[in-house]
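Commentary on secondary and tertiary structure
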Amino acid sequence: MVNGTFSRSASARLTPRSVSSPRVSVHRKWWVAPGPSFSFLAMIFCLTSVLLVVGCVIYLYAFRYPSRGRLVAGFYDESDVCDVFDGSWIPDSSYPLYNGTECPFAERGFNCLANGRQDKNYLKWRWKPRHCDIPKFDVHEILDRLRGKRIVFVGDSMSRTQWESLICMLMTGVHDPNTVYEVNGNKISKTIRFLGVKFQTFNLSVEFFRSVFLVQQGLPPTNGPRRIRMTLKLDKMDEINQRWIDSDVLIFNSGHWWTPSKLFDVGCYFQVGGVLKLGKSISSAFRMALDTWATWVETMVNTNRTHVFFRTFEPSHWSGLNQKACEVTEQPLSVAKANDRNEFADILAEVVANMTVPVTVLNVTLMGASRSDAHIGTWSHPASILDCSHWCLPGVPDAWNELVFSHLLTNGWKQIGDAERGKRSCL
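No experiment lies behind these values; they were computed from the predicted model shown.

Our next topic: the overall build of the protein chain. Helices and strands together make up the secondary structure of the protein chain, namely eight helices and 17 strands. When contacts within the protein chain are restricted to residue pairs at least 6 apart in sequence, those whose partners lie at least 24 apart make up 77%. A total of about 20,500 Å² of accessible surface is found on the protein chain, and carbon and sulfur atoms cover 55% of it.

Structure, rendered in structure tokens:
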């Protein structure tokens, strides 16, 4: 196991973020007046106005919608890079891509139809980028390209949902369902740290590792305050990290557990270099954990073989004074409104922009912000659980997987499976 400490020095930040701003066309109407001083002041005023407009555009483009030029690399139309995350959901009667009841790997808690949901409108929506099209998910072509490959998901229950979604999507192209099985004979469960499904005919493995923080959890130090029951070691990767390395596609997520209720309220505090950091904020700790993750990717993952993705925070639709009400709508919202924690997206964009190896960010936050119709709601298992965070399957996570494979297809699969797959590069 590799349990070493990872730290990012200033020398590792070699790649500046590249931000391309849209052209700003300003129609200037000059006011002619006698006297050079007034004309000069008018010109200064106009130039200042233009600079202010351009500055605002750059700010919104680079920070409100962080690092978009980097997030969408590889999606092209005839003229420029296409931002596949800038779009809308459109009705499509050919959806969903699979029947959740017929897929043995769709967890009962995510199968809303099996849990009593009557309306099916939430299944009939397709994500459409504003300026281009996503290639149709051709399961037979994708299965053929995935022969002998290993796909690994690492993260929390949202990552498990995407993992289940992909397996169900791929199973529609399998002739004999008995050739697809969980390698240890386990049933899908949120308590198991590793789940692996084998597509025997294609020698394909699709695996999930539960690591909600990505960094290592540990016992409190001796003689520490009594309120501390566990710690997050922000400078050490999760102890199972070595099992993620030799993969062809590696997809991370983290964020939903970085809250006071899942940290401080249960006695979990931060630790760096064996020292408690009781005053560290959650956002600062999240950044340090991502820096540790970034250094791990740079030093341990052979990106000539492995295509690394990181999915942004998935929005929820809790409402009410205490954010405990969950109202599932019948249609997507006309105006996107959700709890999206933009500060996490900003941190992720900054960390990835400074990495020395390629990482593709799946900026799905805005995609889900309008889909208040697609949450589990009251159709959970057991039925007593109300859920406006997770998504029904089939549903929104299917679109995430469509984007993953659209990216891989448009990039020629980025040398995945090339002759150098057996070599490890340490940067």
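There is more to say after this.
Enumeration over the complete set of coordinates arrives at four disulfides. Note on cysteine connectivity: Cys 82 is disulfide-linked to Cys 132, with sulfurs 1.9 Å apart. Between Cys 82 and Cys 132, the S-S torsion sits near -70 degrees, and that sign places the bridge as left-handed. Remark: Cys 132 occurs in the loop between β2 (125-129) and α3 (139-145) and Cys 82 occurs in the loop between α2 (68-71) and β1 (87-91); sequence separation between them is 50 residues. Here Cys 82 falls in the buried class, since its relative accessible area comes to 1%. With relative accessibility at 11%, the residue Cys 132 sits in the buried group. With a sulfur-sulfur separation of 2.0 Å, Cys 112 is cross-linked through a disulfide to Cys 392. Taking the sign of the S-S torsion, -85 degrees for the link of Cys 112 and Cys 392, the bridge is left-handed. With Cys 112 in the loop between β1 and β2 and Cys 392 in the loop between β17 (387-391) and α8 (396-410), this residue pair connects regions lying 280 residues apart in the sequence.

What follows covers the sheet that holds strand β8 (residues 230-237). Spatial ordering of the open sheet is given by β7-β8-β10-β11, a layout of four strands whose pairing is mixed. Only two strands of the sheet have a single partner each, and these edge strands are β7 (215-218) and β11 (275-276). Judged from the four bridges that link them, β8 and strand β10 (residues 268-272) form a sheet pairing that is parallel. Its bridge partner lying in β10, Thr 231 is registered against Tyr 269.

Here the focus is the packing of helix α5 (residues 282-300) against helix α6 (residues 342-353). In contact at an axis separation of 10 Å, α5 and α6 are set at 30 degrees when each is read in the N-to-C sense. Of the possible angle classes, the one that applies to α5 and α6 is roughly parallel. As α5 runs across α6, the sense of the crossing is right-handed. Residue-level contacts link Ile 282, Ser 283, Phe 286, Arg 287, Leu 290, Asp 291, Trp 293 and Ala 294 of α5 to Phe 344, Ile 347, Leu 348, Glu 350, Val 351 and Val 352 of α6.

Moving on: the pattern of salt bridges. When charged atoms on two side chains of opposite charge get close, those side chains can pair. Scanning all chains against the criterion turns up 15 salt bridges. As a salt-bridge pair, Glu 207 and Arg 150 come within 2.8 Å of each other at their nearest N and O atoms. On the criterion of sequence distance, the pair formed by Glu 207 in strand β6 (residues 204-210) and Arg 150 in strand β3 (residues 150-155) is long-range, its members being 57 residues apart. By the burial criterion, Glu 207 is buried, and Arg 150 matches it. Here Arg 287 makes a salt bridge to Glu 350, at a shortest N to O gap of 2.9 Å. Taken together, the residues Arg 287 in helix α5 and Glu 350 in helix α6 connect sequence positions 63 residues apart. Glu 350 gets classed as partly exposed once you look at its relative accessible area, which sits at 25%. Here the salt bridges share partners, and the residues they tie into one network are Glu 107, Arg 160 and Glu 164.

Reading the values: the criteria
Residues numbered from 1 in each chain as written. Predicted model: local features only at pLDDT ≥ 70, side-chain atom pairs only at ≥ 80, totals over all residues. Heavy atoms only, no water. Helix = DSSP H or I, 4+ residues; strand = E, 2+ residues; numbered from the N terminus. Contact = heavy atoms within 4.5 Å. Areas by Shrake-Rupley, 256 points an atom, 1.4 Å probe, with all protein chains shown as cover. Disulfide = S-S within 2.5 Å. Buried < 20%, exposed > 50% of the residue type's maximum accessible area, 1.4 Å probe, protein only. Pairing = 2+ DSSP bridges. Axes fitted to C-alpha atoms, helices over the stretch in contact; angles between N-to-C directions. Parallel < 35°, antiparallel > 145°, perpendicular 65-115°, else oblique. Left-handed = near helix turned anticlockwise from the far one by under 90°. Salt bridge = Lys/Arg side-chain N within 4 Å of Asp/Glu carboxyl O.

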